[in-house]
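Read off the chains here:
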Amino acid sequence: MKKLSARRRHPLAAVVVLLLALACTGGVYAVFAPAGKAQAEETAQSLTIEEGKKLYAVGCASCHGTGGQGTSDGPSLVGVGAASVDFQVSTGRMPAATSQGAQVPKKKKNIYSQAEIDQLAAYIASLGAGPAVPTEEQYGSEGADIGKGGELFRNNCAQCHNFTGKGGALTKGKYAPSLEGVDPKHIYEAMLTGPQNMPSFPDTTLSEQNKKDIIAYLHAVNSDETVNPGGLELGGLGPVSEGLFAWIFGLGALIAVAVWVAARTAKAKKS
């Protein structure tokens, strides 16, 4: 007993007890804390989905069905993913007007806040797996190759959007909208989901880096600070508009010169 009592009174005994207590506390936290945190995140996500379901029932179910299965007035939303919802609602394309034309146009204002859009996106994402909303790291300009982006854009997008994204007409009243001033996140989401007449470009077709390069190219050519080294850009619509300009004004000028020369010949003066 005397020996045990002496050990208890050892100067390092308090330190040893404190270390053991800290180790036990850390072990208990490691066992129980992660589960609690995961449960809290799951609860928050469930609440977000529930709120999104309420918004969907009021603003979307009449066209897309009570469970997102689609109706004759609207396509199925099962599997479209959160990115599609964020794009369509953030740009004001959805909810669509009652009487719509060949395609749903972008609106200046939308009726939902970003928090409500996130709730709607979470609910639609819960109906089936689909593309998630991209992060700023994915569509930001850091690490982007503008030259490569221009090449990719001309090969995959210029046929509809023209060479610098000015937009263009399609068949049966449809059109490719202008990409000037469009939020980079929305451009990324459009490439990812393929809204309306546009084909989709998943990562297997255009990688995440490719999409970033294209977005950086569009920002570069449509920036107010960009100076066109070739002079007047003629709307940035590409070689067709420039060729048409050459035919109309170039040939017109040549004809005018020919008429002027002919009018001053000796024969013309005699007559």
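Everything here concerns the structure above.
Rules of the game
- Residues numbered from 1 in each chain as written.
- Predicted model: local features only at pLDDT ≥ 70, side-chain atom pairs only at ≥ 80, totals over all residues.
- Heavy atoms only, no water.
- Helix = DSSP H or I, 4+ residues; strand = E, 2+ residues; numbered from the N terminus.
- Buried < 20%, exposed > 50% of the residue type's maximum accessible area, 1.4 Å probe, protein only.
- Contact = heavy atoms within 4.5 Å.
- Areas by Shrake-Rupley, 256 points an atom, 1.4 Å probe, with all protein chains shown as cover.
- Axes fitted to C-alpha atoms, helices over the stretch in contact; angles between N-to-C directions.
- Parallel < 35°, antiparallel > 145°, perpendicular 65-115°, else oblique.
- Left-handed = near helix turned anticlockwise from the far one by under 90°.
- Nonpolar A, V, L, I, M, F, W, Y, C, P; charged D, E, K, R; others polar.
- Core = buried A, V, L, I, M, F, W, Y, C linked by side-chain atoms within 4.5 Å.
- Phe/Tyr/Trp six-rings, centres within 6.5 Å; stacked < 30°, edge-to-face > 60°.
- Salt bridge = Lys/Arg side-chain N within 4 Å of Asp/Glu carboxyl O.
- Patch = residues over 30% accessible without salt bridge, like charges linked within 9 Å, V, L, I, M, F, W, Y side chains within 5 Å.

Draft legend 1. Spatial organisation of the overall build of the protein. Within the protein, the regular secondary structure consists of 12 helices and 2 strands. For the protein, the succession of helices and strands along the chain, N to C, is α-α-α-α-α-α-α-α-β-β-α-α-α-α. Within the span of the protein, comprising 271 residues, buried residues form 28% of the whole. A separation of at least 24 residues holds for 60% of the contacts in the protein among residues at least 6 apart in sequence. About 17700 Å² of surface is accessible on the protein, with carbon and sulfur atoms providing 62% of the total.

Draft legend 2. Examining the packing of helix 4 (residues 81-90) against helix 9 (residues 184-193) more closely. Viewed as axis vectors pointing N to C, helix 4 and helix 9 meet at an angle of 125°, and their least axial separation amounts to 9 Å. Classified by the angle their axes make, helix 4 and helix 9 are oblique. Considering only the axes of helix 4 and helix 9, their crossing is left-handed. On the side of helix 4, the interface is formed by Ala-83, Ser-84, Asp-86, Phe-87 and Ser-90, while helix 9 contributes Lys-185, His-186, Glu-189, Ala-190, Leu-192 and Thr-193. Here the contact of helix 4 with helix 9 is composed, by residue class, of 4 nonpolar, 4 polar and 3 charged.

Draft legend 3. Seen up close, the nonpolar core. Of all hydrophobic cores here, the largest spans 17 residues; its most connected members are Phe-153, Met-191, Leu-206, Ile-214, Ile-215 and Leu-218. Elements with a minimum of two residues in this core: helix 7 (146-156), helix 9 and helix 10 (208-222). For Ile-215, the residues in contact, after removing those within four places along its chain, are Tyr-139, Pro-184, Ile-187, Tyr-188 and Met-191. Grouped together as the second largest cluster of nonpolar side chains are 14 residues, Leu-55, Tyr-56, Ala-82 and Ile-117 included.

Draft legend 4. Seen up close, the packing of aromatic side chains. Counting across every chain of the model gives 2 aromatic pairs. Ring geometry for Tyr-56 against Tyr-123: centres 5.3 Å apart, planes inclined by 50°, an arrangement best described as tilted. With Tyr-56 in helix 2 (residues 13-59) and Tyr-123 in helix 5 (residues 114-127), this pair connects stretches of sequence that are 67 residues apart. Look at Phe-153 and Tyr-217: their rings are 5.6 Å apart centre to centre, the planes differ by 45°, and that puts the pair in the tilted class.

Draft legend 5. Expanded view of the pattern of salt bridges. Inspection of every chain in the model, using the stated rule, returns 4 salt bridges. Residues Glu-51 and Lys-54 are paired through a salt bridge, measuring 3.5 Å at the closest nitrogen-oxygen approach. Placement of both Glu-51 and Lys-54 in helix 2 is noted, with a separation of 3 residues, approximately one turn of the helix. A salt bridge links Glu-180 to Lys-166; the shortest N-O distance between them is 3.4 Å. Of this pair, Glu-180 sits in the loop between strand 2 (175-176) and helix 9 while Lys-166 sits in the loop between helix 8 (158-161) and strand 1 (168-169), and the two are 14 residues apart along the sequence. Residue Glu-180 is classed as partly exposed on the basis of its relative accessible area, which comes to 43%.

Draft legend 6. Quick look at unusual backbone geometry. With an omega of -5°, the peptide bond between Met-94 and Pro-95 qualifies as cis. Here the phi dihedral of Asn-162 falls at roughly 70°; this positive angle occurs in a residue that is not glycine. Mapping Asn-162 onto the fold places it in the loop between helix 8 and strand 1. Residue class for Asn-162 comes out buried when judged on its relative accessible area of 16%. A positive phi angle, near 55°, is found at Lys-172, a position not held by glycine. When you line up the elements, Lys-172 lands in the loop between strand 1 and strand 2.

Draft legend 7. Spatial organisation of the environment of Leu-55. Here Leu-55 is to be found in helix 2. As for Leu-55 and Ile-117, which are separated by 62 residues in sequence, their C-alpha atoms are 9.2 Å apart. In this view, Leu-55 contacts Cys-60, Tyr-112, Glu-116, Gln-119 and Leu-120; residues no more than four positions away in its chain are not counted.

Draft legend 8. Examining a nonpolar patch on the surface more closely. Residues Leu-244, Phe-245, Trp-247, Ile-248, Phe-249, Leu-251, Leu-254, Ile-255 and Val-259 make up a contiguous nonpolar surface patch of about 980 Å² in total accessible area. Mapped onto the secondary structure, Leu-254 falls in helix 11 (residues 239-262). Leu-254 gets classed as exposed once you look at its relative accessible area, which sits at 58%.

Draft legend 9. Quick peek at helix 9. Within helix 9, 9 of the 10 residues are buried, leaving the element largely enclosed by the surrounding structure. Where helix 9 is buried, its residues touch helix 4, helix 5, helix 6 (136-139) and helix 10.

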